[in-house]
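# Structure assessment
These are the residues of each chain, in order.
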Amino acid sequence: MSQSTRPGNRERGWNDPPEFLHSENGTSAQSKRTVLNQRVAHSFDGKPTEKNAETLAEPPKLAAPPISQINSKKDEESSQPTASNEVDLENLEKILNESVQLLKDSGIATKICDDISKRIKIFVNNWPKLNETVKQRMDSLVKNLNNKELKNANDLHVRLMMDFPSEVSQWMVGIKKLIFEMIELEKIKNQ
């Protein structure tokens, strides 16, 4: 296993999957923790011992939650795309279809482009059923695709797949393939 896991219950069952981190470095989640399963020594006369007095003087300090490293400023901006906090579906669909047309014009196989288009149609049909977080993240993902920030778009795709697998699994395969083909197209252009 090349991915790092979060610290957790070491007495998991044999079939419990590991909890994977969203970031690649994994250092933010593996900070020093206070061990809560050790016994505390007490004196018999009721007076706190020196070690016990230190423990009672101050509660343990909690570490800050890990901060996402993926475009935190852009995520904050994209959380308020319009005054009514609505994402424009027609604009998203237009950008995705333009990206597919760009792939067709560059010589990518028609079958691949047709499959991506079919998945985009599934995405558009499922739009009313999606929760607001998925809609916001898809808006950010499509903006990154439009701006040719393909690494950020791929990172958002992975986060969506990990956080909302049941909502996005039908159509996210097409978005993943679109991102992959655009990355390959950029590699060819840069050579």
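Time to look at the overall build of the chain. Scanning the chain from N- to C-terminus turns up eight helices and zero strands. Ordered by position from N to C terminus, the α and β elements of the chain give α-α-α-α-α-α-α-α. Residues classed as buried in the chain amount to 28% of the 191 residues present. For the chain, the proportion of contacts with a sequence separation of at least 24, taken over those separated by at least 6, is 65%. Accessible area of the chain: about 13800 Å², with a carbon and sulfur share of 51%.

A few words now on the packing of helix α5 (residues 132-146) against helix α6 (residues 150-163). Contact geometry of α5 with α6 gives a least axis separation of 8 Å together with a crossing angle of 160 degrees. When the axis of α5 is compared with that of α6, the two are roughly antiparallel. Of the two elements, α5 crosses α6, and the hand of that crossing is left-handed. Contacts between α5 and α6 pair V134, R137, M138, S140, L141, N144 and L145 from the former with L150, N152, A153, L156, H157, R159, L160 and D163 from the latter.

In globular proteins that are soluble, nonpolar side chains generally tend to be buried together. Within the largest apolar cluster, 33 residues are counted, with the highest numbers of intra-cluster contacts made by F123, M138, L141, L145, W171 and I175. Among the secondary structure elements, those contributing two or more residues to this core are α3 (89-105), α4 (110-126), α5, α6 and α8 (172-190). Apart from residues no more than four positions distant in its own chain, I175 is found in contact with L96, I120, M138 and L141.

Turning to the pattern of salt bridges, a few remarks are in order. Tallied over the entire structure, the rule returns eight salt bridges. E181 is the partner of K177 in a salt bridge, and the nearest nitrogen-oxygen pair spans 3.3 Å. Of this pair, K177 and E181 both sit in helix α8, four residues apart, roughly one helical turn. By relative accessible area, which is 30% here, K177 ends up partly exposed.

With that settled, consider α3. An ideal rise of 1.5 Å per residue puts 24 Å on 17 residues; α3 measures up with 24 Å between its terminal C-alpha atoms. Taken together, the buried positions of α3 are L89, L92, I95, L96, S99, V100 and L103. One face of α3 carries all of its buried residues, which in axial projection span an arc of 135 degrees. Within α3, the exposed residues directed more than 90 degrees away from the buried face are E90 and D105. On its buried face, α3 sits against α4, α5 and α8. A positive backbone phi angle near 100 degrees is found at G107, which sits one or two residues after α3.

What follows concerns the packing of aromatic side chains. All chains considered together, the criterion is met by two aromatic pairs. Seen from their ring centres, F123 and W127 are 5.5 Å apart, and the 85 degrees between their planes marks the pair as edge-to-face. In this structure, F123 and W127 share a single accessibility class: buried. Taken together, a centroid distance of 4.6 Å and an interplanar angle of 50 degrees make the contact between F123 and W171 tilted. With F123 in helix α4 and W171 in the loop between α7 (165-168) and α8, this residue pair connects regions lying 48 residues apart in the sequence. Comparing F123 with W171, the two get one shared label, buried. Linked through ring pairs, F123, W127 and W171 together constitute an aromatic cluster.

Rules of the game
Residues numbered from 1 in each chain as written. Predicted model: local features only at pLDDT ≥ 70, side-chain atom pairs only at ≥ 80, totals over all residues. Heavy atoms only, no water. Helix = DSSP H or I, 4+ residues; strand = E, 2+ residues; numbered from the N terminus. Buried < 20%, exposed > 50% of the residue type's maximum accessible area, 1.4 Å probe, protein only. Contact = heavy atoms within 4.5 Å. Areas by Shrake-Rupley, 256 points an atom, 1.4 Å probe, with all protein chains shown as cover. Axes fitted to C-alpha atoms, helices over the stretch in contact; angles between N-to-C directions. Parallel < 35°, antiparallel > 145°, perpendicular 65-115°, else oblique. Left-handed = near helix turned anticlockwise from the far one by under 90°. Core = buried A, V, L, I, M, F, W, Y, C linked by side-chain atoms within 4.5 Å. Salt bridge = Lys/Arg side-chain N within 4 Å of Asp/Glu carboxyl O. Expected span 1.5 Å × (residues − 1). Arc of directions from axis to C-beta. Phe/Tyr/Trp six-rings, centres within 6.5 Å; stacked < 30°, edge-to-face > 60°.

Purely spatial values, then, with no claim about function.
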